[in-house]
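# Structural overview for review
As a plain string of letters, each chain reads:
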Amino acid sequence: MAQSPHPSSVPLLDVKRDNEPLREEFITALTRVLDSGQFIGGPDCQLLEQELASYCQTQFAVGCASGSDALLLALMAVGIEAGDEVILPSFTFFATASAVARLGARPVFCDIDRESFNLDPEQVEALVTPRTKAIIPVHLFGQCCEMGRLLEIAAKHQLQIVEDCAQSIGASYGGVACGGIGRVGCFSFYPTKNLGGFGDGGIMTTNDAEVADRLRLLANHGMRPRYHHQAIGLNSRLDSFQAALLAIKLRELPRWTRARQENARRYQQMFAERGMTDLCAVPKVNVDGEHVWNQFTVRIQGAARDAVRQQLAERKIGTEVYYPIPLHQQVCFAYLGYQTGSLPETERACAEVLSLPIFPGLTAKEQATVVDTLADVLHAVRPLRKVA
Ligand SMILES: *Cc1c(COP(=O)(O)O)cnc(C)c1O
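Residues numbered from 1 in each chain as written. Predicted model: local features only at pLDDT ≥ 70, side-chain atom pairs only at ≥ 80, totals over all residues. Heavy atoms only, no water.

Our focus in this paragraph is the side chain of threonine 92. Position of threonine 92 among the secondary structure elements: in the loop between strand S2 (85-89) and helix H5 (95-102). Among the polar contacts listed, one links the side chain of threonine 92 to the side chain of threonine 96, at a separation of 2.8 Å. If we skip the residues at most four places from it in the chain, threonine 92 touches Val138, Leu140, Asp164, Tyr323 and Leu327. (Helix = DSSP H or I, 4+ residues; strand = E, 2+ residues; numbered from the N terminus. Polar contact = N/O pair within 3.5 Å; in protein donor to acceptor, adjacent residues only side chain to side chain. Contact = heavy atoms within 4.5 Å.)

Printed below as a string of structure tokens:
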């Protein structure tokens, strides 16, 4: 196991720790692909697609170049066009919204539920207009959105649901795995995700054979047969090296997910034992399903978050702010005309959130270091806190 560079340092994420035990298997696979001479498509990609579909309990999975492309391709495949409106959270990574805007459609930002950080279904319905074509629930930090209500709203208004599962591979809602709840599920293999690759990659899941076929067509230049273009597609494919390595990691994913869940439980317990839940809010699991803990995100109230993060960094504790600026306040989306204060829970979350280390290889001792250091820091900055 890799040693931390500082006696009490804890990284936010150490991918090397999870990859190290698989090193020999990776090298064997890389050598095999190298010698095969097939670098795009082929058996390694097919195998990963089959295994991923099986893991997500969907009928189909189609590889692509990134989670961002998965969202773009999914929206294209369900027929989103210029002038359409798509409802999505503003408290998410940029790619959720850029996929909508890139198609000339309008991102319509919806506020979030304070406890889950996910779309507030009651507010979603109020945003539906005759131009609304789709909803993109983002299962943020590894927990599914309140999909029951969203499915009802979608059925009532004939909307497509494209799930952003970039952070939630293996998560479920009411016994159904994410990616198979809406029309298409979009997954990312970016290295910080729960199934992290060795570069960029993504995959789309669906139970609809026609949509699966359309996704495959669009991800390969809309080309069928060769040099005949049925649609203006993209060049967005998963390569064989990536697929071969990901298939090895996918076999470890259930174990890694359990380790993340165990780490989350241990944090909850440590925060409670130290009486820290008054100083900072720990995440709650408030939907019926599996939470896969891509992030363990606490809230530091009273404008103290940045000071806390700074002091943790000085004491070598890795943290991150997912996300500091809501999408509705990004310069590139100024044309949409949102004012400050228009999505209060989103803006509040951006000011308060702090994600702590939760990767599978994190040790109990490291977790105790994180919690004890955070306790020290919170007590130190407390006198400086403004009352919000
Ligand atoms: C990571 C991420 C994406 C984009 O995935 P890439 O593979 O990096 O393109 C999209 N949505 C969310 C919520 C993400 O976390």
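Residue pairs spaced three or four apart in an α-helix point in one direction, given the helix's 3.6 residues per turn. Taken together, the buried positions of helix H7 (residues 147-157) are Met147, Leu150, Ile153 and Ala154. Mapping the buried residues of H7 onto a view down its axis gives an arc of 125°, with all of them on the same face. Exposed residues on H7 whose side chains face more than 90 degrees from its buried face are Ala155 and Lys156. Elements in contact with the buried residues of H7: helix H6 (121-127), strand S4 (132-135), strand S5 (160-164) and strand S6 (172-173). The first or second residue beyond H7 is glutamine 158, which carries a positive phi of 55°. (Buried < 20%, exposed > 50% of the residue type's maximum accessible area, 1.4 Å probe, protein only. Arc of directions from axis to C-beta.)

On to the layout of surface pockets, then. Space inside the largest pocket adds up to approximately 380 Å³. Lining the largest pocket are 26 residues; nearest its centre among them are Phe93, Gln167, Tyr190, Lys193 and Tyr323. Listed by contribution, the elements that provide at least two residues to the lining of the largest pocket are helix H4 (67-77) and H5. At three residues, the largest contribution of residues to the lining of the largest pocket is made by H4. Here the lining of the largest pocket is built from residues that sort into ten nonpolar, twelve polar and four charged. When we break the lining of the largest pocket down by domain, the ones giving at least three residues each are domain 1 (16-247) and domain 2 (253-380). By volume, the second largest pocket amounts to about 280 Å³. In this structure, the second largest pocket is lined by 14 residues; those nearest its centre are Gly41, Glu49, Gly63, Arg216 and Arg237. For the lining of the second largest pocket, the secondary structure elements donating two or more residues are helix H3 (43-55) and strand S1 (60-64). (1 Å grid on protein atoms, 1.4 Å probe; cavity = no way out; pocket = protein on both sides within 12 Å on 5 of 7 lines; lining within 4 Å. Points joined across faces, edges and corners; volume = space filled by probe spheres on them. Nonpolar A, V, L, I, M, F, W, Y, C, P; charged D, E, K, R; others polar. Domains from an automatic or database assignment.)

Let's shift gears to the sheet that holds S4. Taken in spatial order, the seven strands make up an open sheet running S1-S9-S8-S5-S4-S2-S3, and their pairing is mixed. Because the sheet does not close on itself, it has two edges, and the strands there are S1 and strand S3 (106-110). On average, adjacent strands in this sheet sit at an angle of 25° to one another, irrespective of strand direction. The pairing of S2 with S4 spans three bridges and is classified as parallel. (Pairing = 2+ DSSP bridges. Axes fitted to C-alpha atoms, helices over the stretch in contact; angles between N-to-C directions.)

A word on the packing of aromatic side chains. In the structure shown here, the tally under the stated rule is 16 aromatic pairs. Between tyrosine 267 and phenylalanine 271, the ring centres sit 6.1 Å apart and the planes meet at 55°, which makes this aromatic pair tilted. One end of the pair, tyrosine 267, and the other, phenylalanine 271, are both in helix H9 (residues 240-273), four residues apart, so they sit about a helical turn from each other. By the burial criterion, tyrosine 267 is buried, and phenylalanine 271 matches it. Consider the rings of tyrosine 322 and tyrosine 323, whose centres lie 5.7 Å apart with planes at 70°: the pair is edge-to-face. One exposure class covers both tyrosine 322 and tyrosine 323, and it is buried. Feature note: the residues Phe91, Phe93, Phe117, Phe141, Tyr322 and Tyr323 constitute an aromatic cluster, connected by ring pairs. (Phe/Tyr/Trp six-rings, centres within 6.5 Å; stacked < 30°, edge-to-face > 60°.)

The biggest cluster of nonpolar side chains holds 43 residues, and the ones touching the most others in it are Phe271, Phe296, Val308 and Leu374. Elements supplying a minimum of two residues to this core: H9, strand S11 (296-300), helix H10 (305-314), helix H11 (344-352), strand S12 (353-356) and helix H12 (364-381). The leading source of residues in this core is H12, at eight residues. The residues that make up this core include at least three from each of domain 1 (16-247) and domain 2 (253-380). Ignoring anything within four residues of it in the chain, the contact list for leucine 374 reads Phe271, Met276, Cys280, Ile300, Val308, Leu312 and Leu356. Residues Cys45, Ala154, Ile169 and Leu246 belong to the second largest nonpolar core, which totals 39 residues. (Core = buried A, V, L, I, M, F, W, Y, C linked by side-chain atoms within 4.5 Å.)

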